[in-house]
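Commentary on secondary and tertiary structure
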Amino acid sequence: MEKSFDALIVGAGFGGMYMLHRLRGMGFSARVLEAGAGVGGTWYWNRYPGARCDVESVQYSYQFSPELEQDWEWSERYATQPEILRYANHVCDRFDLWRDIQFETRVVRADFDESATLWRIETDTEETFVARFVVTAVGCLSSPNTPKIPGLADFAGSTYHTGYWPHEGVDFTGRTVGVIGTGSSAIQSIPIMAKQAKHLTVFQRTANYTVPAHNAPLDEAYVARVKASYREMRARARTKPAGIDFVINPASAVETPEQERLREFEARWAYGGLGFMAAFSDLLLNDESNKTAQDFVKAKIREIVEDPATAEMLTPKNIIGCKRLCVDTGYWETFNRPNVTLVDIADRPIERITATGLETKDGTYAFDCLVLATGFDAMTGALLKMDIRGRGGVTLREKWGEGPKSYLGLTVVGFPNLFMITGPGSPSVLTNMLPTIEQHVDFIADCLGAMRAKGATLIEPMEEAQDAWVGEVGKSASITLRSTCSSWYVGANIPGKPRVFMPYIGGFPSYIEHCKAVVAEDYRGFALS
Ligand code: FAD
Ligand code: NAP
């Protein structure tokens, strides 16, 4: 028996939860289908030691409900994964979302039925759903990447992926541990695993930049000040490219005298967090300016890491901020511990995993536990795992064979009535994701409201509008240094994935303006019928 709804929402992270709240509030019938057994998405799955946000919690939180903002009390500058998960559960309680979320239900296929103008959705629970609209809220960083290293299945110890961590936690006390990867997840977890483990071996393919978090409990006076001025802070954040309320120094790094430049970097380093990259306005526009920030961080590494050879190995060679900047608590210091070994696998890659550890070209390494901190098939992974078929049975995988193309990161030609929250072509992963998720949800909800008011039942982007947006995404990527390295932003971490800079880097304010203009011109670029 098919179950029928106005809208089906796939995923119960922050995107799916707010989408449900909005659609229900407008009187649409909606159901969320979620593969996991709870809400929170990222914060449900990523339970590795040290997992926490790196956008400050007072900003990395919903803003649609002033009452929720006043109710909820963040305890630390950067909340831990358990606290963020409690927040997600609190939101579900507060807005009574549970009754319309179906857990342990993975969408495996969605077909657009052109004659009925309906989507038919199949799940791994053998149920079929039909809906006029489908909204994917499947996440940009939700499809864990397990590299195809020969012998992985032969490992006799325990293997963990940071993005799929056991709910009961893992105690590494007295164990030897090997960790592959030095991205954000590794950089957060390595200092904690090192404190627990008998020995920790870090296998590093690309040295990465990280800046200190300087996390701390939030004091009452600060929380009271934030609560009294949430509206102003949120409004300021909307004017910043990353949707984060930090002070952006308009000066150019190269045009600033050296002593003054160092003072600015020192102040940012001492404050901590991603605002380091806002020290100067041209750090991601100009090689020479970027190099000043690189040199500053490299000097910090040499200052903190006692063994010069290890410091050299840890020193990144690429552009700072090109791969996602990491934020840490005691990462560089961890390599001064006697129980931590760093192995550079850039030129001597892992050849195979064995029953007892792994082999590179010039060594064998033994450990009891293997941690894969190897990231995600970002932005398109979770979308393409579903077999989505639009007009004429054409699959999204075929459509995106040469890389993702979308109109505003929200919709795709040939896939009517299908909306993506934070799809490729949206600012998403380059921003504080909660406000950008809310902006997408509001756009979609308002659009469905406008369609209802007009009596329209079908919406689809037009080819010219999509081409123009893809052009805009490409043009904005070409003027920043961010598109120049082998990062997950360009799909470089997944063998065979087309190399396309996937997010829109023109900034959140400019994106909002584009969306507003589209709505003001009666959904310019869309065909409604
Ligand atoms: P997700 O939270 O990824 O939720 C997607 C949900 O969809 C998941 O629950 C998944 O199970 C479900 N799903 C996927 N496919 C299917 C399917 N086929 N059928 C059914 N269900 C499906 N962003 C920031 O702005 N600041 C941060 O500090 C920050 N920290 C992060 C830390 C980590 C460890 C990671 C991995 C990401 C972080 N991010 C951060 C990005 C984070 O993903 C977003 O901020 C946000 O949580 C995404 O919410 P979402 O609802 O879009 O997706
Ligand atoms: P990631 O940034 O993609 O890092 C993956 C790491 O694994 C990289 O060091 C990569 O090396 C390495 N790797 C991948 N495949 C490998 C292989 N076959 N052999 C050897 N090494 C391999 O993934 P992540 O750390 O999970 O972070 C992903 C994103 O999630 C972040 O960029 C961020 O947006 C978000 N996140 C945020 C936080 C936070 O602080 N709040 C925490 C975690 C994640 P290469 O660099 O050489 O590819």
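Now for a quick tour of the structure.

Here we take up the packing of helix α1 (residues 14–25) against helix α14 (residues 433–454). As a packed pair, α1 and α14 sit with axes 9 Å apart at the nearest point and diverge in direction by 35 degrees. The two elements α1 and α14 cross, and the hand of that crossing is right-handed. Here α1 contributes F14, G15, Y18, M19, R22 and L23 to the contact with α14, which in turn contributes L434, I437, E438, V441, D442, I444, A445, D446 and L448.

With that out of the way, let us pick up the sheet that holds strand β16 (residues 369–372). Taking strand neighbours across the sheet as the criterion, the five strands line up as β7-β16-β8-β9-β12 in an open arrangement whose pairing is parallel. Edge positions in the sheet fall to β7 (158–161) and β12 (340–344), since each of these pairs with one other strand and no more. Geometrically, the sheet is characterised by an average inter-axis angle of 20 degrees between neighbouring strands, direction not taken into account. Relative to β16, β7 is paired through four bridges, and the arrangement is parallel. Note that in β16 the partner of T159 across the bridge is L370. Sitting on the sheet, helix α5 (residues 184–196) is in contact with β8 (176–180), β9 (199–204), β12 and β16, with an inclination near 155 degrees to β9.

For the rest of this paragraph, the subject is the pairing of strand β2 (residues 30–33). Neither face of β2 is left uncovered, since the one carrying A30 and V32 and the one carrying R31 and L33 both have all their residues buried. As paired elements, β2 and strand β3 (residues 101–102) share two bridges and run parallel to each other. Paired with V32 across the strands is I101, a residue of β3.

When the terminal C-alpha atoms of helix α8 (residues 258–271) are compared, their 20 Å separation across 14 residues agrees well with the 20 Å that a helix rising 1.5 Å per residue should span. Taken together, the buried positions of α8 are occupied by R261, F265, R268 and W269. Burial along α8 is one-sided: seen end-on, the buried residues are contained in an arc of 100 degrees. Seen from the buried face of α8, the exposed residues on the opposite side, beyond 90 degrees, are Q259, R263, A270 and Y271. Those residues of α8 that are buried are in contact with β10 (210–212), α9 (287–304) and α11 (331–334). Remark: G272 follows α8 within two positions and exhibits a positive phi of approximately 90 degrees.

Time to look at the sheet that holds strand β14 (residues 357–360). With respect to topology, three strands assemble into an open sheet ordered β13-β14-β15, the strand pairing being antiparallel. Only two strands of the sheet have a single partner each, and these edge strands are β13 (350–353) and β15 (363–366). For this sheet, the mean angle separating the axes of adjacent strands, direction not counted, is 20 degrees. The sheet contact formed by β13 and β14 spans three bridges and is antiparallel. The partner of R352 across the bridge, within β14, is E359.

A separate point is the pattern of salt bridges. Across all of its chains, the model carries 31 salt bridges by this definition. Where E56 meets R77, a salt bridge forms, and the shortest distance between an N and an O atom there is 3.1 Å. Note that E56 is positioned in the loop between α2 (42–45) and α3 (66–71) and R77 in the loop between α3 and α4 (81–94), a separation of 21 residues in sequence. Across this residue pair, the class does not change: E56 and R77 are buried. Between D377 and K497 there is a salt bridge; the shortest N-O distance is 2.6 Å. Here D377 is found in the loop between β16 and α12 (381–385), whereas its partner K497 is found in the loop between α15 (463–478) and α16 (508–520), with 120 residues between them in sequence. Using a relative accessible area of 14% as the deciding quantity, one classes K497 as buried. Through salt bridges with shared partners, a single ionic network connects R24, D96, R99 and D100.

By nearness alone, 23 residues border ligand 2, and T182, S185, R205, T206 and K323 come closest of all. In this structure, a nitrogen atom belonging to ligand 2 sits 2.9 Å away from a main-chain N or O atom of R52. Contacts to ligand 2 include S185, whose side-chain N or O atom sits 2.7 Å from an oxygen atom. Relative to its free-state accessible area of 910 Å², ligand 2 is covered by the protein chains to the extent of 87%. If one sorts the elements of the shell around ligand 2 by residue count, α5 sits on top with three residues.

For the rest of this paragraph, the subject is the layout of surface pockets. Taking a probe equal in size to a water molecule and rolling it over the atoms shows the remaining empty space. In this structure, the second largest pocket spans a volume of roughly 570 Å³. Surrounding the second largest pocket, 28 residues form its lining, E56, Q59, Y222, D245 and Y271 being those nearest its centre. Counting residues per element, the ones that place at least two in the lining of the second largest pocket are α6 (220–228), α7 (230–238) and α8. Classifying every residue of the lining of the second largest pocket by side-chain character gives 15 nonpolar, five polar and eight charged.

Take the site of ligand 1 next. With respect to spatial proximity, 32 residues lie near ligand 1, and among them E34, T42, D54, Y60 and M433 are the closest. Within the backbone of F14, one N or O atom sits 3.1 Å away from an oxygen atom of ligand 1. In the model, an oxygen atom of ligand 1 is placed 2.6 Å from a nitrogen or oxygen of the D54 main chain. Relative to its free-state accessible area of 980 Å², ligand 1 is covered by the protein chains to the extent of 95%. With three residues, α2 is the single largest residue contributor to the shell around ligand 1. When grouped by side-chain class, the residues that make up the shell around ligand 1 number 17 nonpolar, 12 polar and three charged.

Let us look at the environment of G455. Mapped onto the fold, G455 is located in the loop between α14 and β19 (459–461). Its relative accessible area of 58% is what places G455 among the exposed residues. Each C-alpha atom, one on G455 and one on I350, is 59 Å from the other, the two residues being 105 residues apart in sequence.

Okay, the nonpolar core next. One finds F14, F172 and F276 to be the most contacted residues of the largest nonpolar core, which totals 114 residues. Sort the elements by how many residues they give to this core and α14 lands first, with nine residues. In contact with F14, not counting residues within four places along its chain, are W43, Y60, Y62, I84, Y87, A88, L434 and I437. With 25 residues, the next largest nonpolar core counts V134, L383, L384 and L458 among its residues.

For α16, with 13 residues, the first-to-last C-alpha span of 18 Å sits near the 18 Å given by 1.5 Å per residue. Listed as buried for α16 are F508, Y511, I512, C515 and V518. Down the axis, α16 shows its buried residues gathered within 125 degrees of arc, on one side only. Residues of α16 that are exposed and angled more than 90 degrees away from the buried face: K516 and A520. Elements that come into contact with the buried residues of α16 comprise α7, α14, α15 and β20 (526–528). Where α16 ends, the next residue or the one after it, D522, has phi of about 55 degrees, a positive value.

Conventions and cut-offs
- Residues numbered from 1 in each chain as written.
- Chains lettered and ligands numbered in written order.
- Predicted model: local features only at pLDDT ≥ 70, side-chain atom pairs only at ≥ 80, totals over all residues.
- Heavy atoms only, no water.
- Axes fitted to C-alpha atoms, helices over the stretch in contact; angles between N-to-C directions.
- Helix = DSSP H or I, 4+ residues; strand = E, 2+ residues; numbered from the N terminus.
- Left-handed = near helix turned anticlockwise from the far one by under 90°.
- Contact = heavy atoms within 4.5 Å.
- Pairing = 2+ DSSP bridges.
- Buried < 20%, exposed > 50% of the residue type's maximum accessible area, 1.4 Å probe, protein only.
- Expected span 1.5 Å × (residues − 1).
- Arc of directions from axis to C-beta.
- Salt bridge = Lys/Arg side-chain N within 4 Å of Asp/Glu carboxyl O.
- Near = heavy atom within 4 Å.
- Polar contact = N/O pair within 3.5 Å; in protein donor to acceptor, adjacent residues only side chain to side chain.
- Areas by Shrake-Rupley, 256 points an atom, 1.4 Å probe, with all protein chains shown as cover.
- 1 Å grid on protein atoms, 1.4 Å probe; cavity = no way out; pocket = protein on both sides within 12 Å on 5 of 7 lines; lining within 4 Å.
- Points joined across faces, edges and corners; volume = space filled by probe spheres on them.
- Nonpolar A, V, L, I, M, F, W, Y, C, P; charged D, E, K, R; others polar.
- Core = buried A, V, L, I, M, F, W, Y, C linked by side-chain atoms within 4.5 Å.

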